[in-house]
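This is what each chain is made of:
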Amino acid sequence: MSGFEGLPDTRTSLVGITDEGDEAWLIRSISQKLYRCPGCHGEIMIGAEHVVVQYVKRIGGTEHHHWHRRCVEEILVGELRRVRRVSANESQRGKLESRGRRPAGRRRRS
Ligand SMILES: [Zn+2]
């Protein structure tokens, strides 16, 4: 994951595109409950820093998962295209859910 070590953090999120053409927003978070990481199927403990992966689908709609940071770095980021940094402010959940209300071709550029 060259160039993105330590990201996302509190100020900076990442966004890339999946093979399906969906946006994948990578957002730093602290877990409020126990989650299971889709990368390794292991647990993410309460209070642990981790990464929320919020998908904004090409056809509209959103979906999110909680991942270990190392699993994002070792597995997920390599599967995304055109990964770039964005302000964490741009990746607020409300903004992404609003973005998901339109299909990709009808979204304003961020
Ligand atoms: Zn994991």
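Please refer to the structure placed before this passage.
Residues numbered from 1 in each chain as written. Predicted model: local features only at pLDDT ≥ 70, side-chain atom pairs only at ≥ 80, totals over all residues. Heavy atoms only, no water.

Chemist: Please set out the nonpolar core residue by residue, giving values where relevant.
Modeler: Ranked by size, the top nonpolar core spans 18 residues in total, and within it Leu14, Leu26, Val53, Trp67, Val72, Leu76 and Leu80 carry the most contacts. For this core, the elements supplying multiple residues, two or more each, are β2 (23-30), β5 (49-56) and α1 (69-76). Dropping the residues within four chain positions of it, Leu26 is found in contact with Pro8, Ser13, Leu14, Val51, Val52, Val53, Val72, Leu76, Val77 and Leu80. Formed by seven residues, the second largest nonpolar core is a distinct cluster that contains Val15, Ile27, Val86 and Leu96. (Core = buried A, V, L, I, M, F, W, Y, C linked by side-chain atoms within 4.5 Å. Buried < 20%, exposed > 50% of the residue type's maximum accessible area, 1.4 Å probe, protein only. Helix = DSSP H or I, 4+ residues; strand = E, 2+ residues; numbered from the N terminus. Contact = heavy atoms within 4.5 Å.)

Chemist: Mind laying out α1, listing which residues take part and the relevant values?
Modeler: Regarding α1, the residues found buried are Arg69, Cys71, Val72 and Leu76. Mapping the buried residues of α1 onto a view down its axis gives an arc of 160°, with all of them on the same face. Residues of α1 that are buried sit in contact with β2, β5 and β6 (62-67). (Arc of directions from axis to C-beta.)

Chemist: Summarise the side chain of His66; cite the residues concerned and give the values.
Modeler: Its location among the elements puts His66 in strand β6. Polar contacts involving the side chain of His66 include one to the side chain of His50, which spans 2.8 Å. Each residue touching His66, except ones within four places of it in the same chain, is listed here: Tyr35, Arg36, Cys37, Pro38, Ile44, His50, Val51 and Val52. (Polar contact = N/O pair within 3.5 Å; in protein donor to acceptor, adjacent residues only side chain to side chain.)

Chemist: Describe the coordination of the zinc ion, naming the residues involved and giving the relevant values.
Modeler: Protein-derived ligands of the zinc ion are Cys37 (SG), Cys40 (SG), His68 (ND1) and Cys71 (SG), with the metal-ligand distances lying across 2.1 to 2.4 Å. Between consecutive donor residues of the zinc ion, the sequence gaps follow C-x2-C-x27-H-x2-C. Separated by 28 residues along the polypeptide, Cys40 in the loop between β3 (35-36) and β4 (43-44) and His68 in the loop between β6 and α1 bring together distant segments of the chain. (Donors = N, O, S within 2.8 Å, 3.2 Å for Na, K, Ca; no water.)

Chemist: Could you give me a rundown of the pattern of salt bridges, with the residues and numbers involved?
Modeler: Applying the stated criterion across every chain yields a total of six salt bridges. A salt bridge links Arg107 to Glu23; the shortest N-O distance between them is 3.4 Å. Here Arg107 is found in the segment after α2 (93-99), whereas its partner Glu23 is found in strand β2, with 84 residues between them in sequence. Overall, Arg107 belongs to the buried group, its relative accessible area being 12%. Across the salt bridge formed by Glu49 and Arg28, the nearest N and O atoms sit 2.9 Å from each other. (Salt bridge = Lys/Arg side-chain N within 4 Å of Asp/Glu carboxyl O.)

Chemist: Provide a residue-level description of the sheet that holds β2, including the pertinent values.
Modeler: The strand order β6-β5-β2-β1-β7 describes an open sheet built from five strands, whose pairing is antiparallel. In this open sheet, the two strands that pair with only one neighbour each are β6 and β7 (81-87). Averaged over all pairs of adjacent strands, the angle between their axes in this sheet comes to 25°, without regard to strand direction. Two strands pair when backbone bridges link them, and strand β1 (residues 12-17) and β7 are joined in this way by five bridges, in the antiparallel orientation. Bridge pairing in β7 places Val15 opposite Arg84. Across the face of the sheet, α1 comes into contact with β2, β5 and β6 while running at roughly 50° to β5. (Pairing = 2+ DSSP bridges. Axes fitted to C-alpha atoms, helices over the stretch in contact; angles between N-to-C directions.)

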